[in-house]
Amino acid sequence: MRRTRVSRERILAHFAEQSAFCAEYGSPFTAQLIGRMGEDLSANGPVADLIGDWPSNPRADVVSLRLAGALHAVALTGRDRQLGALYPPANWRMDEVWPVARAFLARDADWVRAFIRSAPQTNETRRSIALLTGFLSFARQWSGPVDMLEIGASAGLNLYWDRFAYRTKTWSWGQASPVQIDTDWQGPAPPVDATLKVRNRAACDLNPLDIADVAQVLQLKSYIWPDQADRLARFDGAVALAVEQGVKVERADAAQWLARKLKARADDAATIVYHSVFLQYPPREAREAIVAAIREEGERATPQAPLVWVRLEPEAVTDGVANGLRFVIDITTWPGGERRILGYTDGHVRAVYAV
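Residues numbered from 1 in each chain as written. Predicted model: local features only at pLDDT ≥ 70, side-chain atom pairs only at ≥ 80, totals over all residues. Heavy atoms only, no water.

*Asks:* I'd like to hear about the overall build of the protein, residue by residue, with values.
*Replies:* Looking only at helices and strands, the protein has 13 helices and 12 strands in total. Taking 20 Å as the expected radius of gyration for a compact globule of 355 residues, we find that the protein reaches 21 Å, a close match to that expectation. For the C-alpha atoms alone, the extent of the protein along its principal axes is close to 65 × 50 × 35 Å. Sorting the 355 residues of the protein into buried and exposed places 54% on the buried side. A sequence separation of at least 24 residues applies to 71% of the contacts in the protein between residues at least 6 apart. (Helix = DSSP H or I, 4+ residues; strand = E, 2+ residues; numbered from the N terminus. Rg over C-alpha atoms; globule rule 2.2 N^0.38 Å. Buried < 20%, exposed > 50% of the residue type's maximum accessible area, 1.4 Å probe, protein only. Contact = heavy atoms within 4.5 Å.)

Okay, here's the thing in structure tokens:
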């Protein structure tokens, strides 16, 4: 059956929306860059040649961020030295950046097409401060060993979340670390005196990036907006830590991997399943299979081997809130299956509103 092409108007609407999101999230560079891309798409320029006939939902596929990531990769790797010299941290003017970027998109269209086939992976390390709330909440009632399972882990930069240093104006947790996590924390602090004794940790992703491969690290870095120096610094620190720890992420379907891991989980430890800004991406059937695997294992949990589910996901996914813009931090614990909402934030965890 032939796939129906998405209308040009729908793609343009995505570019306009994403440009506004980038401006709101503190990246004027990316906001303006995507704005120029939208204009070029309307004018049937190189952007139209690249994505004007995109075959599926441009918003779900974040097509604009795929293109923006391609150009950042060009700047980071020196593939186009002129473009790299115009990119942040240099003082930039979009009137200077865009003509060079546009020329590259036209000249190296085949390379760009290959790059944008992959969905962006951000591995936003700041999200770990939201997940930490759930981990410490559970640690307050559990003193035994813990085995951790992360799904949708990308390159695994958040796998060693307990080696990060968390610092807010009202509380802190963790020792000195190459990864400094901060945010505008509103509301009660998590139980920072609690300690989680991590015994084992494992992770999977459908398309994991190898943190030991310099080219793949640069690809991952390219999805961070180039004018956000704090995010880039956290990324560099997290990469150094992950390499030091020898992080490995298994290539696997999350539902199948999780079902296998949960079936074989230990009977003398707690198991924590966690993920962040992941559950919105799998198809509905895959998402339902993931949730079913967790809930089915939860029914078999015992006080000696509890199961814990910690999430940072859009409230549209967690609670079915239509057009919801908030992200929910929640924890569900078995035996019992009690769910507690611990707070709300946004996709970049710029502020946390704890409850």
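*Asks:* Summarise the environment of Arg-127; cite the residues concerned and give the values.
*Replies:* Summarising the element assignment, Arg-127 is placed in the loop between α7 (109–115) and α8 (128–139). On the accessibility criterion, Arg-127 (9% relative accessible area) is buried. A C-alpha to C-alpha distance of 8.7 Å links Arg-127 and Val-277, two positions 150 residues apart in sequence. For Arg-127, the residues in contact, after removing those within four places along its chain, are Thr-122, Ser-276, Val-277, Leu-312, Gly-347 and Val-349.

*Asks:* I'd like a description of the nonpolar core, backed by residues and values.
*Replies:* Side chains that are nonpolar tend, in soluble globular proteins, to be buried together. In terms of nonpolar packing, the biggest core is built from 54 residues, with Phe-135, Trp-161, Tyr-166, Ile-272 and Tyr-274 touching the most fellow members. Those elements that place two or more of their residues in this core are α8, β1 (145–151), α9 (214–222), α10 (229–245), β8 (270–276), β9 (307–314), β10 (327–334) and β12 (351–354). When residues in this core are grouped by element, the largest group, eight residues, is from α8. Apart from residues no more than four positions distant in its own chain, Trp-161 is found in contact with Ser-128, Leu-132, Phe-135, Met-148, Tyr-166, Trp-173, Leu-196, Val-198 and Tyr-274. Judged by nonpolar contacts, the second largest core, of 41 residues, contains Val-47, Ala-48, Ala-70 and Val-97. (Core = buried A, V, L, I, M, F, W, Y, C linked by side-chain atoms within 4.5 Å.)

*Asks:* Mind laying out the pattern of salt bridges, listing which residues take part and the relevant values?
*Replies:* Scanning the entire structure with this criterion turns up 29 salt bridges. Across the salt bridge formed by Arg-265 and Glu-297, the nearest N and O atoms sit 2.8 Å from each other. Of the two residues, Arg-265 is situated in the loop between α11 (254–263) and β8 and Glu-297 in helix α12 (residues 284–298); the sequence distance between them amounts to 32 residues. In this pair, the class of Arg-265 matches that of Glu-297, namely buried. One salt bridge in this structure joins Arg-339 and Asp-319, with 2.8 Å as the shortest N-O distance. With Arg-339 in strand β11 (residues 338–345) and Asp-319 in the loop between α13 (315–318) and β10, this pair connects stretches of sequence that are 20 residues apart. The exposure class of Arg-339 is partly exposed, given its relative accessible area of 33%. Exposure remark for Asp-319: the relative accessible area of 37% places this residue in the partly exposed category. (Salt bridge = Lys/Arg side-chain N within 4 Å of Asp/Glu carboxyl O.)

*Asks:* With reference to specific residues and values, describe the packing of helix α4 (residues 63–77) against α9.
*Replies:* Axis angle and axis distance: for two packed helices, these are the angle between their axes and the distance between the axes, and together they describe the pair. At a minimum axis separation of 8 Å, α4 and α9 run at an interaxial angle of 130 degrees. Classed by the angle they form, the pair α4 and α9 counts as oblique. α9 is crossed by α4, and the crossing has right-handed handedness. From α4, Gly-69, His-72, Ala-73, Leu-76 and Thr-77 reach across to α9, where they touch Leu-218, Lys-221 and Ser-222. Here the contact of α4 with α9 is composed, by residue class, of three nonpolar, four polar and one charged. (Axes fitted to C-alpha atoms, helices over the stretch in contact; angles between N-to-C directions. Parallel < 35°, antiparallel > 145°, perpendicular 65-115°, else oblique. Left-handed = near helix turned anticlockwise from the far one by under 90°. Nonpolar A, V, L, I, M, F, W, Y, C, P; charged D, E, K, R; others polar.)

*Asks:* Could you give me a rundown of helix α1 (residues 8–24), with the residues and numbers involved?
*Replies:* Relative to the 24 Å expected for 17 residues at 1.5 Å per residue, α1 spans 25 Å between its end C-alpha atoms, a close match to the ideal helical length. Listed in full, the buried residues belonging to α1 are Ile-11, His-14, Phe-15, Gln-18, Ser-19 and Cys-22. Mapping the buried residues of α1 onto a view down its axis gives an arc of 130 degrees, with all of them on the same face. Residues of α1 that are exposed and angled more than 90 degrees away from the buried face: Glu-9, Ala-16 and Glu-24. Close packing links the buried residues of α1 with α2 (28–42), α3 (46–51) and α4. Just beyond α1, the residue with positive phi is Gly-26, at close to 85 degrees. (Expected span 1.5 Å × (residues − 1). Arc of directions from axis to C-beta.)

*Asks:* If you had to explain unusual backbone geometry to someone new, which residues and values would you point to?
*Replies:* Following Pro-88, the chain continues into Pro-89 via a peptide bond in cis, with omega recorded as 15 degrees. If you trace the backbone, Pro-89 turns up in the loop between α5 (81–86) and α6 (94–107). Backbone torsion omega between Trp-334 and Pro-335 reads 10 degrees, so that peptide bond is classified as cis. When you line up the elements, Pro-335 lands in the loop between β10 and β11.

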